[in-house]
Each structure stands twice: as structure tokens, then as C-alpha cells.
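# Reading the structure
Take a look at the letters that make up each chain.
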Amino acid sequence: MKNIKKFATALLLTGAAFTATAAEQPAAQPAANAQKMGVISVSGATSLSALEDALASKAAAAGASSYRITSAGGQNKLHGTAEIFN
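In this text, all values refer to a predicted model and were calculated from it rather than measured experimentally. (Residues numbered from 1 in each chain as written. Predicted model: local features only at pLDDT ≥ 70, side-chain atom pairs only at ≥ 80, totals over all residues. Heavy atoms only, no water.)

## What about the overall build of the chain?
Helix and strand counts for the chain stand at two helices and three strands. Mapped from its N terminus to its C terminus, the chain presents α and β elements in the order α-β-α-β-β. Here the chain holds 86 residues, and 23% of them are scored as buried. Residue pairs at least 24 apart in sequence account for 63% of intrachain contacts in the chain once pairs closer than 6 positions are excluded. Taken as a whole, the chain presents about 6,000 Å² of accessible surface, with 59% of it coming from carbon and sulfur. (Helix = DSSP H or I, 4+ residues; strand = E, 2+ residues; numbered from the N terminus. Buried < 20%, exposed > 50% of the residue type's maximum accessible area, 1.4 Å probe, protein only. Contact = heavy atoms within 4.5 Å. Areas by Shrake-Rupley, 256 points an atom, 1.4 Å probe, with all protein chains shown as cover.)

Structure follows, in C-alpha cells:
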């Protein structure tokens, strides 16, 4: 019974940590009144979702409130660019 309680507690804490991390990511679409801050780029991603995650992380690190992916391409390793907005 103790193990089940420990497992349930760990599961809840993990879910709460994931939710907090996801909430910090900027929005994928800029608001109507957003001002463009610049352009970011990422290379070396192995999937489109990894590319999007890397762009979102880089936008958050730059202090952007939103971003818009403008290009994505590549063969085995993907590269992409995005405009960032405040």
C-alpha cells in the first residue's frame, strides 16, 4: 500500500512539473498587436516535433511571448527559422 501511495505521489508531481514547463513556452501564433522582435533559427533536429520544440525553447530564451515558424526543411537533420514577437 505504501508503494502505491509513493507511486501516485510521484506521478502527480511529475504531471505538475510537466504542466509548469509547458506553460512557460510562448504561443505558437502572435497576437494581433504583437511587435516583431527578430528571427531565430535552429538546425540539427531529427523530427518536425523536435524542430518545433527547439524553436519554442529558443523563442522563450529570447523573451518572446509568441513565435511563427517561417521555414522548415532538410533530409536526415532538419533546420528551421521563426519570427519572434513580444
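## Describing the nonpolar core
One finds Ile40, Val42, Ala45, Leu51, Leu55, Ala56, Ala59, Ala64, Tyr67, Leu78, Ala82 and Ile84 forming the largest nonpolar core, which totals 12 residues. Here this core gets four residues from one element, more than from any other, and that element is helix H2 (residues 48-61). What Ala59 contacts, discounting residues up to four positions off in sequence, is Pro26, Ile40, Ala64, Tyr67 and Ile84. (Core = buried A, V, L, I, M, F, W, Y, C linked by side-chain atoms within 4.5 Å.)

## Focus on the side chain of Ser66
Within the secondary structure layout, Ser66 lies in strand E2 (residues 66-74). Excluding its chain neighbours within four sequence positions, the residues that come into contact with Ser66 are Pro26, Ala27, Gln29, Pro30, Ala31, Glu83, Ile84 and Phe85.

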